[in-house]
Amino acid sequence: MEQTAMLDFRTCFDAEKDIVSLLNQEQSSGEDAGTGTGVPRQVRVLGQERDGAVLYTWSDISPYRQDDVVVSHIGLYEPISKVNTVLFVHEKLVNLVNCTVNQERTLLAFTTQEKATSSSGSPSWHSEGRQHAQVYRSYLAEVQPANRVFYLNIERDNYLMVQFLHGKGHGDATSKESHMLFLIHKELIGLYHMKLSRVGYSGVEMCGQPRTEVLAKRFQWAQWDHQRQRLYYLSQKKKNSNSKLTFTCMQFYEKYPPEIMMEVQLPIYLPPEVSKAPSIYEHLPLSNKVTDQKLLCDVLTLPGGSLCICYQHPIMSPEDHHAQEEDIGEYDVVDIEYSVFMLHRGTVLHCCMPGFARLEAVNIRLHFFPINDYILVFSPGQLLHLLNVAAEFEPCHHIVWHVVSAATNVNGGHGVPNLPSPSTDGRSLTTFLRERAGLCVYDCRQDIAYRVSVSKEGFADVFAGCYLPSTRLAIMHYAAVHHKDSSLAKLLVGKMCNDIGSPEVSGLLTEFLVGTTYNAMRRQLDMRILPLLQFTSTETGRGQLEKNEKGQQLARITYSSLRDIVQMKYSKVDKTQSDGSFWEHLRYNLQKLSIADMWPRFNTTSLQQHITAANQEAAFADDLVEGRVRSSSLLKRISDSARRAFSGSSTPRKGSLGSYAVLTFLNAAERDLEQDRVVGMTVEQLTDHLSRHLPRETRVKVFNVAREFVSCQLQQSKQLLQFIWTSLGFQPDGDLASNVGEPGSQAESELFHMTERFYMAAQELCFPLPNGFKTFFTTLGFRCLDSHVFLQYVDRGVLHLTDDFRDMVMEDLGDDRDNSEMKLNIVSRLPKALTGLQQWNHPISTRFLSKQYVSSLLLEGEDLGWASQPRRVSLTDSYSTSSSQDSSEDDSVDAHVHFPPLATLMKLLQMKEPHTRRHSRSGRYVDLKFVQQSALQQTKQEYGTNLSNVSF
C-alpha cells in the first residue's frame, strides 16, 4: 500500500496561467485592433517585493519603434488583484538577472548580464588581469511617467544586486525620498538615497545626484529579507582566507538609519574552491541572495524570536581535484552534512548523512524553509527533515524521513512528479511571498509556486509505517505540542490501536499526555512560567541516531554550544517604529540562556516517592481503629491541596487541542482517594517548584497555576481515553454492557489492552486518572480476561476492586459453583473483606461469618476484627432460661430451639456476648440469632430432617 505524502504542495501561483495568459489576451486584443505583434511570450520571473508583487520580463516588439525590433520588457503582477502592469520597455534585448521597484511604483532598478567590452571595443579585462566574457551592469529608470534611464556607472564581473527599501502599507506618491541597496559581491554593500520631486498629478522624477553610503565591505554572502526589511551577510574580518566568517544582521527602518543588531563569529570557513577560484552564480527567479553557488547558506526566522543560520557543508567535486594534493574519485563514499546555528539558543545542530557516492552527493542541494515552529530541510526525491528548533523548547524530536515515495505530494498525487529532482543544474526552489498563506515555495523550472502544508494523513501513514521508534515519538510530539488541533493526534491514536501489542505504545501515550498538557497550559500562561513546565517525556539535548530496517545509518544529529559568542546590540530606535517585538523576544531568549540550567522543568515522575509515602501512611491509618487516631499532617496537607484544586475545577475545560472530553462510560460521581492524593501531591510539589524559581510571584498565583495544571492533566486523560474509545469503534456516547458477567467482545478485549497501556503511561507519569476509571478498567478486565489472569492483575495492583465493582459482581453473577468461587476470591481480596461477605447472601459467606463470630466470642482477649462490626441486639451478662422477657423482643435468640445441642451452645455464647449496643451502618447483621439460623440451615442442608447421623 502506497503511503500518503507528509507534505501537501498546492499551486498558488503559475506564471503560465497568471501572467502569460493575460499577456496573450492583451495581444489578442491588440491583433483585433490591428496592433498585434505575434511574437511568442517567453516570460521569466525576476523578483518579488514586500507586498508580494512579482516582477518579470519577456521579449516582445517595442511599441515605441517602427523597425519591429524585439526588446526586453519588464512587467509587474499583483497576485491579490491579478493585475498585470507594464513598467518598462528597454531599447534593446538584454539578459536581465535582477530587478526591483520602489514602493510608489515610480522608480525601477535592474541589473543586466552583458558581454564585456572595453571602450575601444576590445575584450574587457578584470583588474587582476583575468579576461572575462560577461559583466554585470546596473541601471535606474523613471517609470511614472516613463522618462530617463540612468546607468549607475558600475561594471563588475562579480554579481551586482539592487533592492529598494519598502515601508509598511502601500506606497505614497507624495514621498520625497527613495532608498535603494546595492550589493557588489566580495566588494561592498552600499545605500542610495534619492531625492524625488513631483511631476504632474501622479508622476515622480529624481532631482539631483543620489547620495551614497557604504554600509559594509568585503562580504562573501548576503541575503535580503523582504518581509522584515533586514540584510544578513557573512564577511571576513581578516583578509586571511582561512579566517572564520562573521555573521552580521542589519535592520532597516522607514524613518531612521539602519542599525547592526547582531554580530556573531561562526565556525564556518570559505571552501578553497570559493576563495581561490572565480565565483559562479545561479540567477534563480525570486532569489534574494548574493553568493557563489558553492556557498550554500540560508537565514530563517521563526515566531517567538528564533533566528537560525542553515549551512550546507561543501563537498569537493571531481572537477576540483586539481586544487588538492590527493586524488578524488567520482564513486568515493562521502557524507552530506549541514549545520543549523540556532542563535536564539546559542546552540549548533549538526546533521551528518553518510553513505553517498561523491558524484551523487555533489548534485544534492538541500533547501531550508521555515514551516510553523519547525525548519523544513528538503531535497526533492532524496530526503525530508523537520527540525524542532523553536525558541520555546530545547531542541529535540526531529522528524527524519528518507523515503522517496512518501516525501512530497504535489496536487494530490504521490511522489514528486512536478518538482525537480536533484541535478547538476543546482538549486531550483526558492521562497515565494504570499500574504497570509504560510510557507510557499517556487519551482524555478516549472515557474509554479506551491503552498506547503502538513498532510495529516501523510503523517499518520509514516507514523504507522516507519521503522524507528524515535520517528514515531517525534511525530507524536509534533501532534501533541505543535499541531493546531486534535485531528492529527486522534489519527495517531487510531494507528496505535491497530498495533496494540507494540512495546512503544505506552511511551507514545506518555508523550501525548505530557505534550497536550503543556499545550493546554501555554494558551493561558506567560512566557516566564512556561520554561518551568515539562513539555516532553524524554530527555532533551541528547541528539538522534536514525537507521533503516537493515541497520544502516541514515542520519546522525548532534549538538554543540555557541553561548559564549552570541551577543546582541541594543537598538537606539523607538521599538514602535520598527520590528521591535522580534528583537525583544530574541534578546529575552539569549538572556534566558544564562539561567536555563538553574531553571529545571517540573517533572511529574519525581512525585512517585512522595505519592508512595502518602499511600503507605494512608494504609497505616486505615489499619487503626476508626476514630482513635487523627490523620497525619502529610495526609491532611495533601487532602487539603486536592480539595482546593477540585474546588476550582468543576467547570468542564477544553482539551489542549480544542475539544471537550465527555466520557459517558465513566461514573464521574465515583471518587478515588488515591487519585485525590496524586492531585494533592502534584499541586503541592508544583507550587513549591514555582515558588522556588519565581520568588517574586505570590503564593496564591503559583497555587492557581498548579491547580490549572492539574485540571489540564485531568482533561488530557479524559481526551486520550475518548480517542481510544472512539478509535476502536465505540460510539462517543456509548457505554459497556450493563451485565458484568457477560463475556467481553473482541472490540472490548482490544479496548482493555489499550486502556492497560494508558494506565501504565499514567502510572509512570504519576498522572491523575478521571473519576470512575478504576471501576471501568476493572470491569473491562473482568469481562475480557480469564479468571486466574484477572486475579493475578488484582494481586499485582493493576486492577482495583472498588466498591462499585463489588456491588456489580454480587448483583450480576449467579451462585453456581464457578461464580461462587470467583465471588469468594474477589471478596477475600477486598480491603474490607467482612463488608463484602455481609453483602453476599450465600451459604459460604454465612458459614464463614458465623465461624468468625463464634471464634471471636470463644477466644476471650482475641480481637479478630469484630469490634467495629455492627450487631443488632444488646444482651445482658445474666442469661435467664425463662425467656419471657427476651422472647418478647424480635431480635432475641430463640431459647426454645428444638435442637438441644444448638441451644446449649447458644446459651454459652450469649453469656459471652458483650454488653454494649452498636448500631448498624451497612450490610447483613452478624449476631447470635444470625449464627443460630446459619447453623440450623447448614445442618439441615447436610443431614436433612434425620439427625440420628449427626456426630456431636
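As a starting point, this report considers the structure included with it. (Residues numbered from 1 in each chain as written. Predicted model: local features only at pLDDT ≥ 70, side-chain atom pairs only at ≥ 80, totals over all residues. Heavy atoms only, no water.)

### Some points on the overall build of the protein chain
Part 1: Along the protein chain, the regular secondary structure elements total 21 helices and 33 strands.
Part 2: Here the protein chain, with 952 residues, has 52% of them falling under the buried criterion.
Part 3: Partitioning the intrachain contacts of the protein chain with sequence separation of at least 6 by distance along the chain shows that 63% fall at a separation of at least 24.
Part 4: Accessible surface computed for the protein chain: about 44400 Å², of which carbon and sulfur atoms make up 48%. (Helix = DSSP H or I, 4+ residues; strand = E, 2+ residues; numbered from the N terminus. Buried < 20%, exposed > 50% of the residue type's maximum accessible area, 1.4 Å probe, protein only. Contact = heavy atoms within 4.5 Å. Areas by Shrake-Rupley, 256 points an atom, 1.4 Å probe, with all protein chains shown as cover.)

### Here we look at the sheet that holds strand E27 (residues 399-401)
Part 1: The strand order across the open sheet formed by 4 strands is E24-E25-E26-E27, and the pairing between neighbours is antiparallel. Each of the sheet's edge strands pairs with one partner strand only, and the pair in question is strand E24 (367-371) and E27. Strand-to-strand twist of the sheet, defined as the mean angle between neighbouring strand axes without regard to direction, takes the value 15°.
Part 2: Sheet topology note: the strand E25 (residues 374-379)/strand E26 (residues 383-388) ladder contains 6 bridges and is antiparallel. Considered in E26, the bridge of Phe-378 is made with Leu-384.
Part 3: Set on the sheet, helix H5 (residues 469-482) makes contact with E25, E26 and E27; between it and E27 the angle comes to about 130°. (Pairing = 2+ DSSP bridges. Axes fitted to C-alpha atoms, helices over the stretch in contact; angles between N-to-C directions.)

### Here we look at the packing of helix H14 (residues 773-784) against helix H16 (residues 803-812)
Two packed helices can be described by the angle between their axes and the distance between those axes.
Part 1: One way to put it is that H14 packs onto H16 with a least axis distance of 9 Å and a crossing angle of 35°. Here H14 runs over H16; the crossing is right-handed. Contacts between H14 and H16 involve Thr-775, Thr-778, Thr-779 and Phe-782 from the first element and Asp-804, Phe-805 and Met-808 from the second.
Part 2: Its residues placed into classes, the contact of H14 with H16 shows 3 nonpolar, 3 polar and 1 charged. (Left-handed = near helix turned anticlockwise from the far one by under 90°. Nonpolar A, V, L, I, M, F, W, Y, C, P; charged D, E, K, R; others polar.)

### What about the packing of helix H6 (residues 487-497) against helix H12 (residues 699-727)?
Part 1: At a minimum axis separation of 9 Å, H6 and H12 run at an interaxial angle of 55°. Our classification of the angle between H6 and H12 gives oblique. The chirality of how H6 crosses H12 is right-handed. On H12, the residues that touch Ala-489, Lys-490, Val-493, Gly-494 and Cys-497 of H6 are Leu-720, Phe-723, Ile-724, Thr-726 and Ser-727.
Part 2: Residue composition of the contact of H6 with H12, grouped by class: 6 nonpolar, 3 polar and 1 charged. (Parallel < 35°, antiparallel > 145°, perpendicular 65-115°, else oblique.)

### Some thoughts on the environment of Leu-769
Part 1: Mapped onto the secondary structure, Leu-769 falls in the loop between helix H13 (746-765) and H14.
Part 2: The buried category is assigned to Leu-769, whose relative accessible area is 3%.
Part 3: Leu-769 sits 10 residues away from Tyr-759 along the chain, and the two C-alpha atoms are 8.4 Å apart.
Part 4: Not counting residues within four places of it along the chain, the set of residues in contact with Leu-769 comprises Gln-675, Leu-714, Phe-758, Tyr-759 and Ala-762.

### Notes on the environment of Gly-501
Part 1: If you trace the backbone, Gly-501 turns up in the loop between H6 and helix H7 (505-522).
Part 2: Judged by its relative accessible area of 59%, Gly-501 is exposed.
Part 3: Counting along the chain gives 256 residues from Gly-501 to Arg-757, while the straight-line C-alpha distance between them is 9.4 Å.

### With respect to the pairing of strand E31 (residues 448-454)
Part 1: The buried fraction of E31 is high, at 5 of 7 residues.
Part 2: Two elements, strand E30 (residues 440-443) and E31, share 4 bridges in a ladder whose sense is antiparallel. Its bridge partner lying in E31, Tyr-442 is registered against Ala-449.
Part 3: Turn length for the E30-E31 hairpin, with the two strands adjacent in sequence and antiparallel, is 4 residues, and the turn residue Asp-447 shows positive phi of about 55°.

### Some points on the sheet that holds strand E5 (residues 83-89)
Part 1: The strand order across the open sheet formed by 4 strands is E2-E3-E4-E5, and the pairing between neighbours is antiparallel. Each edge of the sheet is formed by a strand with only one pairing partner; in this case those strands are strand E2 (44-48) and E5. If you compare each strand with its neighbour and ignore which way they point, the axes differ by 35° on average.
Part 2: Where E2 meets strand E3 (residues 54-61), 4 bridges bridge the pair, whose relative direction is antiparallel. Counted as the bridge partner of Val-45 is Tyr-56 from E3.

### Remarks on unusual backbone geometry
Part 1: A cis amide bond links Gln-144 with the next residue in sequence, Pro-145, at an omega value of 0°.
Part 2: Note that Pro-145 resides in the loop between strand E8 (134-143) and strand E9 (146-156).
Part 3: Residues other than glycine seldom take positive phi values, yet Lys-82 does so here, at roughly 55°.
Part 4: Relative to the elements of secondary structure, Lys-82 occurs in the loop between strand E4 (70-78) and E5.

### Some points on the packing of aromatic side chains
Part 1: In this structure the tally under the stated criterion is 38 aromatic pairs.
Part 2: Taking the centre distance of 4.7 Å and the plane angle of 55° together, the rings of Phe-182 and Tyr-192 count as tilted. Of the two residues, Phe-182 is situated in strand E11 (residues 177-184) and Tyr-192 in strand E12 (residues 188-199); the sequence distance between them amounts to 10 residues.
Part 3: Here Tyr-192 falls in the buried class, since its relative accessible area comes to 9%.
Part 4: With centroids separated by 5.5 Å and ring planes inclined at 25°, the aromatic side chains of Phe-773 and Phe-777 adopt a geometry described as stacked. Highlighted residues: Phe-773 and Phe-777, both in helix H14, separated by 4 residues, approximately one helical turn. (Phe/Tyr/Trp six-rings, centres within 6.5 Å; stacked < 30°, edge-to-face > 60°.)

### Structural notes on helix H17 (residues 817-828)
Part 1: For H17, built from 12 residues, the straight-helix expectation of 16 Å at 1.5 Å per residue is met to within 8% by its first-to-last C-alpha distance of 16 Å.
Part 2: Those residues of H17 lying buried are Ser-820, Met-822, Lys-823, Ile-826 and Val-827. The buried residues of H17 occupy an angular sector of 160° when projected down its axis, which confines them to one face. Of the exposed residues in H17, the ones pointing more than 90 degrees away from its buried face are Arg-817 and Asp-818. (Expected span 1.5 Å × (residues − 1). Arc of directions from axis to C-beta.)

### Some points on helix H11 (residues 673-693)
Part 1: With 21 residues, H11 extends 30 Å from end C-alpha to end C-alpha; this agrees with the ideal 30 Å at 1.5 Å per step.
Part 2: For H11, the tally of buried residues reaches 15 of 21 residues, placing the bulk of the element in the interior.
Part 3: Sitting at the head of H11, Asp-672 places a side-chain oxygen 3.1 Å from the backbone nitrogen of Glu-674. (Polar contact = N/O pair within 3.5 Å; in protein donor to acceptor, adjacent residues only side chain to side chain.)

### Some remarks on the side chain of Ser-306
Part 1: Topologically, Ser-306 is positioned in strand E21 (residues 306-312).
Part 2: The class for Ser-306 is buried, based on a relative accessible area of 0%.
Part 3: Excluding residues that lie within four positions of it along the chain, Ser-306 makes contacts with Leu-300, Thr-301, His-344, Val-389, Ala-390, Ala-391 and Phe-582.

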